[in-house]
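Okay, here's what each chain looks like letter by letter:
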Amino acid sequence: MHVVVTGASSGIGEAIAREYLARGANVTLVARRKEHLERIAAAGAERAHVVVADLADAEAAWAWIDGAENALGPIDVLVNNAGIQIVKHATETDWAAAERLLHLDLHVPLRLTTLVLRRMIPRGTGTIVDVASMAAIAPTPGMYFYNAAKAGLAAASEGLRAEVKKHGVHVVTVYPGPVTSELEAAGRAAYEDAAATRNVPTGTPEVLARLVADAVAKKRPRVIYPRTYGFARHFPNATRWALDRLTPPLKG
Ligand SMILES: NC(=O)c1ccc[n+]([C@@H]2O[C@H](COP(=O)([O-])OP(=O)(O)OC[C@H]3O[C@@H](n4cnc5c(N)ncnc54)[C@H](OP(=O)(O)O)[C@@H]3O)[C@@H](O)[C@H]2O)c1
């Protein structure tokens, strides 16, 4: 099995890459930080293929697909995980930074998915994994552009599942709540400290990675983690009501 993980150099993507390497899969690791990728890939020796690419760069974003398939065979699982976050007042966000986020968190996974689907559909097999966010279900005040990108990705992902099922392709949509990572720490630090959010349930990348790999193997439609946040999918209005009242103000 050949699994491609974008954003494999840290956090959730690193954990997913390590989980698949531990399960004996061939893994292509894509991100910008070469040393991180090579350190993680060492766990898989010849079963790992490193791609150093800035996915925000229009040329580099898709140029690696042929090389990855030449190295490790046809792509069986594409994990669209690479992402960035901006936690800032909407009006104070630099437009170039906002466009970069919308490109990386929304356009890139959609484009990569369509390119890889064209290879999976004729073979009649494959899985697309989209790492969205709880922000897609319960948009968080202070994350204007991130909410938009993740809601767009989740909607595209959920709608694609039935479209490609008849071709033997499965789609897993992942909704992480807070999960320990560089992105999560930076996001949390952008808010004033508030008792209401200090102790919110927070997961680990390793547990999420196991849930993702299990969902792919068992053809589950989605992963919500930490599991506490499952209620938000069934009670989105109540969740929004709570988030609007409990989210602390942004610093500054
Ligand atoms: N942690 C959470 O609480 C949480 C919650 C909901 C959703 N998520 C989502 O989970 C995904 C992973 O985030 P994380 O929490 O694991 O954060 P992270 O540790 O910051 O990981 C982000 C990954 O994306 C890669 N990346 C960023 N910009 C890139 C670019 N231009 N080109 C290629 N790769 C790029 C980074 O690699 P390089 O810097 O090496 O390029 C890194 O590997 C993201 O889509 C995020 O939105 C996370």
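Refer to the structure presented above.
Residues numbered from 1 in each chain as written. Predicted model: local features only at pLDDT ≥ 70, side-chain atom pairs only at ≥ 80, totals over all residues. Heavy atoms only, no water.

Draft legend 1. Layout of the packing of helix H5 (residues 95-123) against helix H6 (residues 144-165). Where H5 meets H6, the axes come as close as 9 Å, and the angle between the chain directions of the two elements is 10°. Here H5 is positioned roughly parallel relative to H6, judged by the angle of their axes. Note that H5 runs across H6; the crossing there is right-handed. Two secondary-structure elements touch here, H5 through Trp95, Ala98, Leu101, Leu102, Asp105, Leu106, Pro109, Leu110, Thr113, Leu117 and Ile121 and H6 through Phe145, Tyr146, Ala148, Ala149, Lys150, Gly152, Leu153, Ala156, Leu160 and Val164. (Axes fitted to C-alpha atoms, helices over the stretch in contact; angles between N-to-C directions. Helix = DSSP H or I, 4+ residues; strand = E, 2+ residues; numbered from the N terminus. Parallel < 35°, antiparallel > 145°, perpendicular 65-115°, else oblique. Left-handed = near helix turned anticlockwise from the far one by under 90°. Contact = heavy atoms within 4.5 Å.)

Draft legend 2. Representation of the side chain of asparagine 80. Summarising the element assignment, asparagine 80 is placed in strand S4 (residues 77-80). In this structure asparagine 80 comes out as buried when scored by relative accessible area, which is 4%. A polar contact is formed between the side chain of asparagine 80 and the side chain of aspartate 130, at a distance of 3.0 Å. Contact partners of asparagine 80, with chain neighbours within four places excluded, come to Thr6, Pro109, Leu112, Thr113, Ile128, Val129, Asp130 and Val131. (Buried < 20%, exposed > 50% of the residue type's maximum accessible area, 1.4 Å probe, protein only. Polar contact = N/O pair within 3.5 Å; in protein donor to acceptor, adjacent residues only side chain to side chain.)

Draft legend 3. Expanded view of the site of the ligand. The immediate surroundings of the ligand are formed by 32 residues, with Ser9, Arg32, Asn81, Tyr146 and Ser181 found nearest. Separating an oxygen atom of the ligand from a backbone N or O atom of isoleucine 12 is a distance of 2.8 Å. Serine 181 places a side-chain nitrogen or oxygen 2.6 Å from an oxygen atom of the ligand. Here the ligand loses 95% of its free accessible area of 870 Å² to cover by the protein chains. Counting only elements with at least two residues in the shell around the ligand, the list comes to helix H1 (11-22), H5, H6 and helix H7 (182-189). It is H7 that contributes the most residues to the shell around the ligand, three residues altogether. Among the residues making up the shell around the ligand, the classes are represented as 16 nonpolar, nine polar and seven charged. (Near = heavy atom within 4 Å. Areas by Shrake-Rupley, 256 points an atom, 1.4 Å probe, with all protein chains shown as cover. Nonpolar A, V, L, I, M, F, W, Y, C, P; charged D, E, K, R; others polar.)

Draft legend 4. Region of interest: the packing of aromatic side chains. This model, assessed by the stated rule, comprises two aromatic pairs. Relative to phenylalanine 145, the ring of tryptophan 95 lies with its centre 5.6 Å away and its plane at 70°, an arrangement referred to as edge-to-face. Taken together, the positions of tryptophan 95 in helix H5 and phenylalanine 145 in helix H6 put the pair 50 residues apart, joining distant regions of the chain. According to the relative accessible area criterion, phenylalanine 145 is buried, its value standing at 8%. An aromatic cluster is defined as three or more aromatic residues linked by ring pairs; in this entry it consists of Trp95, Tyr144 and Phe145. (Phe/Tyr/Trp six-rings, centres within 6.5 Å; stacked < 30°, edge-to-face > 60°.)

Draft legend 5. Looking closely at helix H9 (residues 205-217). Here H9 spans 18 Å end to end across 13 residues, near enough to the 18 Å set by a 1.5 Å rise per residue. Among all positions of H9, only Pro205, Leu208, Ala209, Leu211, Val212, Ala213, Ala215 and Val216 are buried. Among the structural elements, H1, S4, strand S5 (126-131), strand S6 (169-176) and strand S7 (222-225) are those in contact with the buried residues of H9. A positive phi of about 55° marks lysine 219, the residue just after H9. (Expected span 1.5 Å × (residues − 1).)

Draft legend 6. Seen up close, the packing of H1 against H9. Across the interface, H1 lies against H9 with an axial gap of 8 Å and an inter-helix angle of 55°. What the angle tells us is that H1 and H9 run oblique. Helix-helix and strand crossings are classified by hand; for H1 and H9 the assignment is right-handed. Packed against H1, whose contacting residues are Gly11, Ile12, Ala15, Ile16, Glu19 and Tyr20, the element H9 presents Pro205, Glu206, Leu208, Ala209, Arg210, Val212, Ala213 and Val216 at the interface. A breakdown of the residues in the contact of H1 with H9 according to their chemical character gives 10 nonpolar, one polar and three charged.

Draft legend 7. Broad picture of empty space enclosed by the protein. Under the criterion given, the structure shown has one cavity of 30 Å³ or more. Size it by volume and the largest cavity reaches roughly 70 Å³. What lines the largest cavity is a set of 13 residues, among which Thr6, Asn80, Asn81, Ala82 and Pro109 lie closest to the centre. Elements with a minimum of two residues in the lining of the largest cavity: H5 and H6. With five residues, H5 is the largest single contributor of residues to the lining of the largest cavity. A class-by-class count of the residues in the lining of the largest cavity yields eight nonpolar, three polar and two charged. (1 Å grid on protein atoms, 1.4 Å probe; cavity = no way out; pocket = protein on both sides within 12 Å on 5 of 7 lines; lining within 4 Å. Points joined across faces, edges and corners; volume = space filled by probe spheres on them.)

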